[in-house]
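The primary structure of each chain is shown beneath.
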Amino acid sequence: MSFPFLKKHADIIIVAVFIILAMWAIPDHDVYLRAQVPGLIEAAEKGDIAAQSRLANWYFYGTGVPAKKEKFLKWAHMAAENGDGHAQVLLGYFYMNHAHQYEEGLKWARMSAAQGWPRGERFLGYLYSNGIGVKTDHEQAMEWWKKAALHGDDGAAGNLGGY
């Protein structure tokens, strides 16, 4: 009995099996992430911008730690003030959508986008498209989405198809 599909796609099947085995080896991914938190905090407190940004992300989304606004803001501001585009766009999103402080949110979104951070560019396009914190301007939205798409943001590329 021959299985041409299995022969043709053996490399993909092997990778899938390894992924499944890895998931079994780490039954609770949050336990793995929680174990990293003390080391991340230590590095972040010493000025490691990547650690600050990762902690901001985790406290924003509740990944490996409970979502906590105060801790998110602490780490996000540290990283964003040191130029981290990811933390800047997270702050922009937070201030726009949660705190409804549009000027503050727009400031951070613009800082992220000005660095060429794709999510910042896409978010700024979204703000212009929907008139959130700015006057609705579909041409500006398109420009920011084009920049984000050129920087590899698939979501922005999808947004371009809607216009």
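This structure is a prediction, so every number in the text was calculated from the model and none was measured.

Draft legend 1. Fine view of the overall build of the protein. For the protein, the count of helices and strands is 10 helices and 0 strands. Within the span of the protein, comprising 163 residues, buried residues form 35% of the whole. In the protein, 42% of the contacts between residues at least 6 apart in sequence involve partners at least 24 apart. When the accessible area of the protein is evaluated, it comes to approximately 9900 Å², of which 60% is carbon and sulfur surface.

Draft legend 2. Representation of the packing of helix 8 (residues 118–130) against helix 9 (residues 138–150) within the structure. Relative to each other, helix 8 and helix 9 sit at 165 degrees, their axes nearing to 8 Å. Taken together, the axes of helix 8 and helix 9 lie roughly antiparallel to each other. The two elements helix 8 and helix 9 cross, and the hand of that crossing is left-handed. Counted together, Pro-118, Glu-121, Arg-122, Leu-124, Gly-125, Tyr-126, Tyr-128 and Ser-129 of helix 8 and His-138, Gln-140, Ala-141, Trp-144, Trp-145, Lys-147 and Ala-148 of helix 9 form the full contact between these two elements. Looking at side-chain class alone, the contact of helix 8 with helix 9 contains 8 nonpolar, 4 polar and 3 charged residues.

Draft legend 3. Fine view of the packing of aromatic side chains. Taken as a whole, this structure holds 7 aromatic pairs when the rule is applied. Seen from their ring centres, Phe-123 and Tyr-126 are 6.2 Å apart, and the 15 degrees between their planes marks the pair as stacked. Of this pair, Phe-123 and Tyr-126 are both found in helix 8, 3 residues apart, which corresponds to roughly one turn of the helix. Three or more aromatic residues joined by ring pairs form one cluster here, namely Phe-60, Tyr-61, Phe-72, Tyr-93, Phe-94, Tyr-95, Phe-123 and Tyr-126. Between the NZ or CZ atom of Lys-147 and the centre of the ring of Trp-144, over which it lies, the distance is 4.3 Å.

Draft legend 4. Main features of the side chain of Asp-84. Take Asp-84: it is sitting in the loop between helix 5 (69–81) and helix 6 (85–97). Despite its burial, Asp-84 pairs with no opposite charge; the closest candidate is Arg-119, at 9.2 Å N-O. Of note is the side chain of Asp-84, whose polar atom sits 2.7 Å from the backbone nitrogen of Ala-87. When neighbours within four sequence positions are excluded, Asp-84 is seen to be in contact with Ile-49, Ser-53, Ala-79 and Gln-115.

Draft legend 5. Structural view of the environment of Trp-117. Relative to the helices and strands, Trp-117 is located in the loop between helix 7 (102–114) and helix 8. Overall, the relative accessible area of 32% leaves Trp-117 in the partly exposed class. A sequence separation of 31 residues divides Trp-117 from His-86, and the C-alpha atoms of the two residues are 7.3 Å apart. Those residues in contact with Trp-117 that sit more than four places away from it in its chain are Gly-85, His-86, Val-89 and Ser-112.

Draft legend 6. Inspection of the packing of helix 7 against helix 8 at higher detail. Viewed as axis vectors pointing N to C, helix 7 and helix 8 meet at an angle of 135 degrees, and their least axial separation amounts to 7 Å. Taken together, helix 7 and helix 8 sit at an angle that is classed as oblique. Our pair here, helix 7 against helix 8, has a crossing hand that is left-handed. In contact with Leu-106, Ala-109, Arg-110, Ser-112 and Ala-113 of helix 7, helix 8 contributes Gly-120, Glu-121, Phe-123, Leu-124, Leu-127 and Tyr-128. The residue inventory of the contact of helix 7 with helix 8, partitioned by class, reads 7 nonpolar, 2 polar and 2 charged.

The rules behind these values
Here the residue numbers are simple positions, counted from 1 along each chain's written sequence. It should be noted that, the model being predicted, local features are given only for residues of pLDDT at least 70 and side-chain atom pairs only at 80 or more, the latter also being counted only at that level, while totals for whole chains, interfaces and linings use all residues. Derived side-chain values reflect all non-hydrogen atoms in the structure, with water molecules and hydrogen atoms excluded from consideration. Numbered from the N terminus, helices here are DSSP runs of H or I no shorter than four residues, and strands are runs of E no shorter than two. Accessibility here uses a 1.4 Å probe with only protein chains present; expressed as a share of the type maximum, an area under 20% marks a residue as buried, one over 50% as exposed, and anything in between as partly exposed. Throughout, a contact is declared for two residues whenever any of their heavy atoms are within 4.5 Å. In short, Shrake-Rupley with a 1.4 Å probe defines the accessible areas, and a residue's cover is counted only from the protein chains shown. Simply put, an axis is a line fit to the C-alpha atoms, just over the touching stretch for a helix, and the angle between two N-to-C directions goes from 0 to 180 degrees. Roughly parallel here means an angle under 35 degrees, roughly antiparallel means over 145, roughly perpendicular means 65 to 115, and every remaining angle is called oblique. By the definition used in this description, the sense in which the near helix is turned from the far one sets the handedness, with an anticlockwise turn below a right angle giving left-handed and a clockwise turn giving right-handed. Any residue outside Ala, Val, Leu, Ile, Met, Phe, Trp, Tyr, Cys, Pro, Asp, Glu, Lys and Arg is labelled polar, Gly included; the first ten of those are nonpolar and the last four are charged. Here a pair means two rings of Phe, Tyr or Trp (six-membered ring of Trp) with centres within 6.5 Å. Their orientation is stacked below 30 degrees between planes, edge-to-face above 60, and tilted elsewhere. Placement of a positive charge over a ring is assigned whenever Lys NZ or Arg CZ falls within 6 Å of the ring centre and within 35 degrees of the normal to the ring plane. Charge assignment: positive for Lys and Arg, negative for Asp and Glu; neither His nor the chain ends contribute. Between Lys or Arg on one side and Asp or Glu on the other, a salt bridge is scored when a side-chain nitrogen of the former is within 4 Å of a carboxyl oxygen of the latter. Counted as a polar contact is a pair of N or O atoms within 3.5 Å, where, for protein atoms, one must be capable of donating a hydrogen and the other of accepting one, and residues adjacent in sequence contribute only when both atoms are in side chains.

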